[in-house]
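Descriptive structure summary
Here is what each chain is made of, one letter per residue.
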Amino acid sequence: MSATFLGMPGNFPQNAEKAVQNSQLRYNLRKATHTIRGKRASVVGELPDWQELRAAGKAIKDHTLRNLDRYLIQLEEAVTRAGGTVHWARDGAEANRIVAGLVKATGETEVVKVKSMATQEIELNEALAAEGITAYETDLAELIVQLGDDFPSHILVPAIHRNRSEIREIFLDKMPKVPDNLTDDPPALAEAARLHLRERFLKSKVAISGANFMVAETGTLVVLESEGNGRMCLTLPRTLISVVGIEKLLPSWRDLEVFLQLLPRSSTGERMNPYTSMWTGAVEGQDFHLVLLDNGRTDVLADEVGRQALRCIRCSACLNVCPVYERAGGHAYGSVYPGPIGAILTPQLRGMSSELDASLPYASSLCGACYEVCPVAIDIPEVLVDLRAKAPHAAAERAGMKVAGWIFNDHTRLARAQRAAAKLRKLVPKRLPGPLSAWTDTRDVPEIPEESFRDWWERTRRSEWSGGPTEEGPGGVTHGQGAE
């Protein structure tokens, strides 16, 4: 992965500070995320065994990750038997070279694409453009982002930061053959996009997709979508190239039963997707190539705490309940994976050497709402805390923690520090000076009490627990030596 997604500068706090000042963005995000989360809650509530399904999804994913090497080989053998060709890519650069080479071999200079997080992760469109190949997005939201020279800001709804008036202006400015009287009514916008895309579907000879799931047992790939563009891309072109992360694997066909219930409800708030496409190898004379992408996933798998991020099925439920994402939006994360899952997945895939990636584990209030809605029970707060411990820290912070550890390690030193703080509490500024100022940029200094709990207890209660005079407590209960 590149150092920053599409050149996004700065770190998360800087990006978020700019984003929260955009009132239109905050309105768009709040309206969209609250609508999706309401639909999700309704359809999830219909299933009395939702928690059992969630546990099953977690168990299947964990089993697959523990045996990933074996299942990947099984998948390759099944795809090859079915007439497909499997390619292995260590990183994004290798995957881009493979895909560009496959497209060039067809003699084509244009491709259509199904929405794919993996291809965005490796910046495939940009790599193809450098080779003289134009990639056209066919998902409506991805089309809006592409026409608007914009960045995706949501896993499920990449153009969630745009309202329909803004979309109308983009269509009028960038989409050919759009009538001047185009309104911002959703049906009118969808019809304009449909007419524009139909021409692309009918003349394109090469399509590129990702996949929601791969079945090792049969070599089957699965794409879930709501618009039908995926079905068109998967069936019409003569050459289909699928770029899929190695973690998208499931052992058996039977396992799909669990995930085809979990994913639609968690992502779009539907009982099932309008379009669920499955294909195995090369079908109906079509050439099929599967590019299995690592790009840091093996390194994530080696982390005992962080590997649970590879269970993610890209439903985006965590984004829709996250108070930080709702206010900052997806662009602030500087990655194709925004929100809580991006805050743990991106630093693991890219490392934390850049200022942006080192800041992502802190892009959370640790409220735990993301864990509660995750359909495969990824404990995102746990991974965030673990990554914070691994992130680089400034010298002043390391020194402060070392001093704090020294004080907290001895009750006598702690008592002395508390008494000193109480005596000097009026001298403590509201904003800390020097390198400590970063801490108070986003929070208030806690008010220091006149007396520590330790001293209060010593003065008022100690005698009661050492056989001294008793005191009648609430409800007439006498507290004294031996009281329970």
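Notes on the structure in this doc start here. Predicted model, so just to flag it, every value in this text is computed and none were measured. (Residues numbered from 1 in each chain as written. Predicted model: local features only at pLDDT ≥ 70, side-chain atom pairs only at ≥ 80, totals over all residues. Heavy atoms only, no water.)

Quick notes on the packing of helix H2 (residues 23–44) against helix H12 (residues 256–267)
The criterion, for reference: Axes here mean lines fitted to C-alpha atoms, for a helix over just the part in contact, with angles spanning 0 to 180 degrees between N-to-C directions. Here a helix means four or more residues in a row that DSSP labels H or I, a strand means two or more in a row labelled E, and each is numbered from the N terminus. Two residues qualify as a contact provided that any one of their heavy atoms is within 4.5 Å of a heavy atom in the partner residue.
As a packed pair, H2 and H12 sit with axes 7 Å apart at the nearest point and diverge in direction by 145°. Within the contact between the two elements, H2 uses Ile36, Arg40, Val43 and Val44 and H12 uses Arg265, Ser266 and Ser267.

Describing the sheet that holds strand S6 (residues 220–225)
The cut-off we apply is this: By definition, two strands form a pair when at least two bridges between them are found by DSSP.
The 4 strands are arranged S8-S5-S6-S9 in an open sheet whose pairing can be described as mixed. Because the sheet does not close on itself, it has two edges, and the strands there are strand S8 (249–250) and strand S9 (275–280). For strand S5 (residues 213–215) and S6, the ladder comprises 3 bridges, and the chain directions are antiparallel. Paired with Phe213 across the strands is Val222, a residue of S6.

Quick word on the pattern of salt bridges
Where charged atoms from two side chains of opposite charge come close, those side chains can pair. Just so we agree on the cut-off: Put simply, a salt bridge is a Lys or Arg side-chain nitrogen that is within 4 Å of an Asp or Glu carboxyl oxygen. Exposure is judged per residue with a 1.4 Å probe applied to protein chains only, and the accessible area is read against the type maximum: over 50% gives exposed, under 20% gives buried, and values in between give partly exposed.
Inspection of the entire model under this criterion finds 23 salt bridges. Between Glu46 and Arg271 there is a salt bridge, with its nearest N and O atoms 2.6 Å apart. Of the two residues, Glu46 sits in the loop between H2 and helix H3 (50–66) while Arg271 sits in the loop between H12 and S9, which places them 225 residues apart along the sequence. By relative accessible area, which is 37% here, Glu46 ends up partly exposed. Residue classification places Arg271 among the exposed positions, given a relative accessible area of 52%. The partner of Asp62 in a salt bridge is Arg311, and the shortest N-O contact between them spans 3.0 Å. Of this pair, Asp62 sits in helix H3 while Arg311 sits in the loop between helix H13 (297–301) and helix H14 (317–321); the two residues are 249 residues apart in sequence, bridging distant segments of the chain. Several salt bridges converge on common partners, so that one network encompasses Glu121, Glu247, Arg297 and Arg314.

Topic: the pairing of strand S10 (residues 287–293)
Within S10, 6 of the 7 residues are buried, which leaves the element mostly enclosed by the surrounding structure. The sheet contact formed by strand S1 (residues 85–89) and S10 spans 5 bridges and is parallel. For Ala89, the partnering residue across the bridge sits in S10 and is Leu293. When strand S7 (residues 239–245) meets S10, the two strands line up parallel, connected through 7 bridges. By the bridge assignment for S10, Ile241 is matched with His289.

A look at the side chain of Glu121
The following threshold applies: Distance and chemistry together define a polar contact, namely a pair of N or O atoms within 3.5 Å, with one atom able to donate a hydrogen and the other to accept it when in protein, and with adjacent residues in sequence counting only for side-chain atoms on both sides.
The residue Glu121 is located in helix H6 (residues 117–121) in this model. Judged by relative accessible area, which is 3%, Glu121 ranks as buried. Reaching out from Glu121, the side chain makes a polar contact with the side chain of Asn295 at a distance of 2.7 Å.

Some points on the nonpolar core
Definition in use: What is meant by a nonpolar core is a set of buried Ala, Val, Leu, Ile, Met, Phe, Trp, Tyr and Cys residues, joined one to another through side-chain atoms within 4.5 Å.
With 62 residues, the main nonpolar core has Phe12, Phe213, Phe259, Ile341, Ile344 and Ile378 as its most contacted residues. Setting aside its immediate chain neighbours within four residues, Ile378 contacts Gln308, Ala309, Arg311, Cys312, Ile341, Ile344 and Tyr371. If you look at the next biggest cluster of nonpolar residues, it comprises 41 residues, including Val79, Ala159, Met214 and Leu290.

What to know about the state of the cysteines
Put simply, the rule reads: When two cysteine sulfur atoms are found within 2.5 Å, that pair is recorded as a disulfide.
A full pass over the atoms with the stated rule returns 0 disulfides. Distance from the sulfur of Cys370, which forms no disulfide, to the nearest cysteine sulfur (Cys367) is 6.1 Å. Cys370 sits in the buried class, given a relative accessible area of 8%.

Quick notes on the environment of Pro340
Structurally, the position occupied by Pro340 is in helix H16 (residues 339–350). With relative accessibility at 6%, the residue Pro340 sits in the buried group. Between the C-alpha atoms of Pro340 and Val79, which are 261 residues apart in sequence, the distance is 34 Å. Aside from chain neighbours lying at most four places away, what touches Pro340 is Cys318, Leu319, Cys322, Cys370 and Ile380.

Considerations on the sheet that holds strand S4 (residues 206–209)
Across the sheet, which stays open at both edges, the 6 strands sit in the order S1-S10-S7-S4-S2-S3 with parallel pairing between neighbours. Whereas interior strands pair on both sides, the edge strands pair on one side only; in this sheet they are S1 and strand S3 (134–137). Averaged over neighbouring strand pairs, the angle between their axes works out to 25° when direction is ignored. As judged from the 4 bridges shared by S4 and S7, these two strands associate in the parallel manner.

Quick look at H12
How we decide: Under the convention used throughout, the expected extent of a helix is 1.5 Å for every residue step, that is, one less than its residue count.
Taking 1.5 Å per residue as the helical rise, H12 with its 12 residues ought to reach 16 Å, and the 16 Å between its terminal C-alpha atoms agrees with that figure. Counting buried residues along H12, 10 of its 12 residues qualify, which places the element largely inside the surrounding structure. Those residues of H12 that sit buried are Leu256, Val258, Phe259, Gln261, Leu262, Leu263, Pro264, Arg265, Ser266 and Ser267. Following H12 by one or two positions, Gly269 adopts a phi angle in the positive range, close to 70°.

What to know about the packing of aromatic side chains
Rules: Stacked, tilted and edge-to-face are the three classes applied to pairs of Phe, Tyr and Trp rings, where Trp contributes its six-membered ring and a pair requires centres within 6.5 Å; stacked means planes under 30 degrees apart, edge-to-face means over 60, and tilted covers the rest. Sitting over a ring, as applied to charges here, requires NZ of Lys or CZ of Arg to be within 6 Å of the ring centre and within 35 degrees of the ring normal.
Taken as a whole and assessed by the stated rule, the structure comprises 7 aromatic pairs. Grouping aromatic residues by their ring pairs yields a cluster made of Phe12, Tyr325 and Tyr333. Above the plane of the ring of Tyr371 lies Arg54, whose end atom (NZ or CZ) is 5.2 Å from the centre.

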